[in-house]
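Residue-level structural notes
Listed below, chain by chain, are the residues.
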Amino acid sequence: MAAEKEQAPARCRCTAQDGTIQVVVGGDWRLGGPVPDVQKITSELRSRPGASLVLQADGLGSWDTSLIGFLAKCIATGESGEREFDASAMPEGVQGLLRLAFAVEERSGARRTTTRKGLLVRLGEASLDAVDRMREGLAFLGSATLALGRFLVGRARYQGSELFLLIQDTGANAFAIVSLISFLVGMILAFVGAVQLSQFGAGIYVANLVGLAMAREMGAMMTAIIMAGRTGASFAAQLGTMRVNEEIDALSSMGIDPMEFLVVPRMIALMVMMPLLALYANFMGILGGMVVGVGMLDLGAFEYVEQTRRSVSLTQINIGIIKAVVFGVLVAVAGCLRGMQCGNSSQAVGMAATSAVVTSIVLIIVTDGLFAVVLNVLGL
């Protein structure tokens, strides 16, 4: 058997003459085999940005795409991404593949970049994005406030029938879920209090704990969180779908302010129904606490109700009602804002609904914390 021909190592040299750069290649070019350092050649080519490139072969043996990739990198060192080149002295196959490689301009962004932005850059971009979103949210809140003012003086354009449907949807249709959650929350509060207070023979004060917690905090907050997941997401999905179908643009083109026609009725519906739902949640929570108190602590039902009446003052109930009104506005504004910001796809509608729920809950918790600080300063 004849001995296989010994493979010659791939080689390349670069010379400059009369405004041109000659790249001469030779040897055998194989994938996985040793090839010249392309970084050294391209660095030398970049030092002469205006020179044209002449490709030549000197003792070129067998070759594959490793040679084409090497030459393509050399050609791509021009100022505009591609240097003028002359490959007429190269084999026909090399010429054809090079023409094919540069026949279509590379699409912008096609190459994957592995450069990772620095921490300060990412922190700055996130801060600027947060400022932009805050500015947009404040602008929306201002527009909604002006539209609400026009509603109060009777100058807003909206559909009265839609307002009553929204009141029904945010009120009567939410009784079932509010009843269940509030009743269970009252039972949980009573159970936790009973376990601790019964150790000191003070089980009767479970009524104080449940009554104050529901009237002052949990009634309004739990109702608001329920409405954020139920109604806030619904508002975002409704307005997002209208944005996708260009119905909001149609209203604007007809001279109808979308804030008056779409946002204000939803704000009014929640502002009216949230206090009523919060009062109802207070009742259901106290009822749940009474079930635990009567069943676990052997308290009398009349005794439990009387202790609750003495501990819960009208001031505590009013605080819960004021919180409920504010929370209702937050849920309506967050839901409508995310719906108005929705993109033009079905996926964007789902993202808007999710964002509305998250935004509403965050605003509710933060606002409740501010209420706690202010009321503590006022001594209430």
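Whatever comes next refers back to the structure up there.
Below: a short report on this structure. (Residues numbered from 1 in each chain as written. Predicted model: local features only at pLDDT ≥ 70, side-chain atom pairs only at ≥ 80, totals over all residues. Heavy atoms only, no water.)

Notes on the overall build of the protein chain
Assigned secondary structure in the protein chain consists of 12 helices and 4 strands. At 36 Å, the protein chain has a C-alpha radius of gyration far larger than the 21 Å of a compact globule built from 380 residues. When the backbone C-alpha atoms are referred to their principal axes, the protein chain occupies close to 110 × 60 × 45 Å. Per-residue burial for the protein chain yields a buried fraction of 41% across its 380 residues. Look at the contacts in the protein chain between residues 6 or more apart in sequence, and 79% of them connect residues 24 or more apart. In the form shown here, the protein chain has an accessible surface area of approximately 21,000 Å², with 61% of it arising from carbon and sulfur atoms. (Helix = DSSP H or I, 4+ residues; strand = E, 2+ residues; numbered from the N terminus. Rg over C-alpha atoms; globule rule 2.2 N^0.38 Å. Buried < 20%, exposed > 50% of the residue type's maximum accessible area, 1.4 Å probe, protein only. Contact = heavy atoms within 4.5 Å. Areas by Shrake-Rupley, 256 points an atom, 1.4 Å probe, with all protein chains shown as cover.)

Brief notes about the nonpolar core
Of all hydrophobic cores here, the largest spans 45 residues; its most connected members are Phe140, Leu262 and Val263. Breaking this core down by element, the ones donating at least two residues are helix H4 (119–152), helix H5 (160–170), helix H7 (206–244), helix H8 (247–253), helix H9 (258–296) and helix H11 (314–340). Residue contacts for Phe140: discarding those within four places in its chain leaves Met259, Val263, Val333, Cys336, Leu337 and Met340. Counting 23 residues, the second-largest nonpolar core is a separate cluster that includes Ile21, Val25, Phe70 and Leu71. (Core = buried A, V, L, I, M, F, W, Y, C linked by side-chain atoms within 4.5 Å.)

Remarks on the packing of helix H6 (residues 175–197) against H9
Between H6 and H9, whose axes approach to 7 Å, the crossing angle comes to 40°. Here H9 runs oblique to H6, going by the angle between their axes. H9 is crossed by H6, and the crossing has right-handed handedness. Where H6 approaches H9, its residues Phe175, Val178, Ser179, Ser182, Phe183, Gly186, Met187, Ala190, Phe191, Ala194 and Val195 are matched on the opposing element by Leu277, Tyr280, Ala281, Met284, Gly285, Leu287, Gly288, Gly289, Val291, Val292 and Met296. For the contact of H6 with H9, the residue count by class is 16 nonpolar, 6 polar and no charged. (Axes fitted to C-alpha atoms, helices over the stretch in contact; angles between N-to-C directions. Parallel < 35°, antiparallel > 145°, perpendicular 65-115°, else oblique. Left-handed = near helix turned anticlockwise from the far one by under 90°. Nonpolar A, V, L, I, M, F, W, Y, C, P; charged D, E, K, R; others polar.)

So, the pairing of strand E1 (residues 11–17)
Bridge count for E1 against strand E2 (residues 20–27) is 7 bridges, and the pairing is antiparallel. In the sheet register, Thr15 faces E2, and the bridge partner there is Gln22. With antiparallel pairing between neighbouring strands as the criterion, E1 and E2 make up a hairpin whose turn holds 2 residues, including Asp18 at a positive phi of roughly 55°. (Pairing = 2+ DSSP bridges.)

A word on the side chain of Glu260
Considering the arrangement of structural elements, one finds Glu260 in helix H9. You can call Glu260 buried: its relative accessible area is 7%. Of the polar contacts made by the side chain of Glu260, one reaches the backbone nitrogen of Arg157; its length is 3.0 Å. Apart from residues lying up to four places away in sequence, Glu260 is in contact with Ala147, Arg150, Arg155, Ala156, Arg157, Tyr158 and Pro265. (Polar contact = N/O pair within 3.5 Å; in protein donor to acceptor, adjacent residues only side chain to side chain.)

What to know about the pattern of salt bridges
By the definition in use, this model includes 12 salt bridges. Notably, a salt bridge pairs Asp257 with Arg150, separated by 3.0 Å at the nearest N-O pair. Of the two residues, Asp257 sits in the loop between H8 and H9 while Arg150 sits in helix H4, which places them 107 residues apart along the sequence. Here Asp257 falls in the partly exposed class, since its relative accessible area comes to 27%. Taking the shortest distance from any N to any O, the salt bridge between Arg266 and Glu162 comes out at 3.4 Å. Of this pair, Arg266 sits in helix H9 while Glu162 sits in helix H5, and the two are 104 residues apart along the sequence. For Arg266, a relative accessible area of 3% puts it in the buried group. A residue is classified by how much of its surface remains accessible, and Glu162, at 18% relative accessible area, is buried. (Salt bridge = Lys/Arg side-chain N within 4 Å of Asp/Glu carboxyl O.)

Regarding the environment of Glu303
Topologically, Glu303 is positioned in helix H10 (residues 301–311). Note: C-alpha distance between Glu303 and Gly61 (242 residues apart in sequence) is 104 Å.

So, unusual backbone geometry
We note that Glu246 has phi near 60°; this positive angle belongs to a residue other than glycine. Looking at the secondary structure, you find Glu246 in the loop between H7 and H8. Residue Glu246 is classed as exposed on the basis of its relative accessible area, which comes to 53%.

Quick word on the packing of aromatic side chains
In total, this model carries 2 aromatic pairs according to the counting rule given. Relative to Phe70, the ring of Trp29 lies with its centre 5.0 Å away and its plane at 55°, an arrangement referred to as tilted. Taken together, the residues span a long stretch of sequence, with Trp29 in the loop between E2 and helix H1 (38–46) and Phe70 in helix H2 (residues 65–75) at a distance of 41 residues. Look at Phe70 and you get buried, because its relative accessible area is 5%. The interplanar angle of 20° and the centroid separation of 4.9 Å between the aromatic rings of Phe175 and Tyr280 together place this pair among those described as stacked. One end of the pair, Phe175, is in helix H6; the other, Tyr280, is in helix H9, with 105 residues separating them in the sequence. Take Phe175: its relative accessible area is 35%, and that puts it in the partly exposed class. In this structure, Arg266 packs its charged tip against the face of Phe235, placed 5.4 Å from the ring centre. (Phe/Tyr/Trp six-rings, centres within 6.5 Å; stacked < 30°, edge-to-face > 60°. Lys NZ or Arg CZ within 6 Å of the ring centre and 35° of its normal.)

Structural notes on the environment of Ala144
For Ala144, the position within the fold is in helix H4. With 115 residues separating them along the chain, Ala144 and Met259 place their C-alpha atoms 6.1 Å apart. Non-local contacts of Ala144, meaning those with residues more than four positions away in its chain, are made with Met259, Val263 and Met267.

A look at the packing of H2 against helix H3 (residues 92–101)
Between two packed helices, the angle of one axis relative to the other and the distance separating the axes together describe the packing. The geometry of H2 relative to H3 is characterised by a closest axis approach of 10 Å and an angle of 55° between their N-to-C directions. The angle between H2 and H3 places the two elements in the oblique class. Considering only the axes of H2 and H3, their crossing is right-handed. Residues Leu67, Ile68, Leu71, Ala72 and Ile75 of H2 form the contact with H3, whose participating residues are Val94, Leu97 and Leu98. Of the residues belonging to the contact of H2 with H3, the class tally is 8 nonpolar, no polar and no charged.

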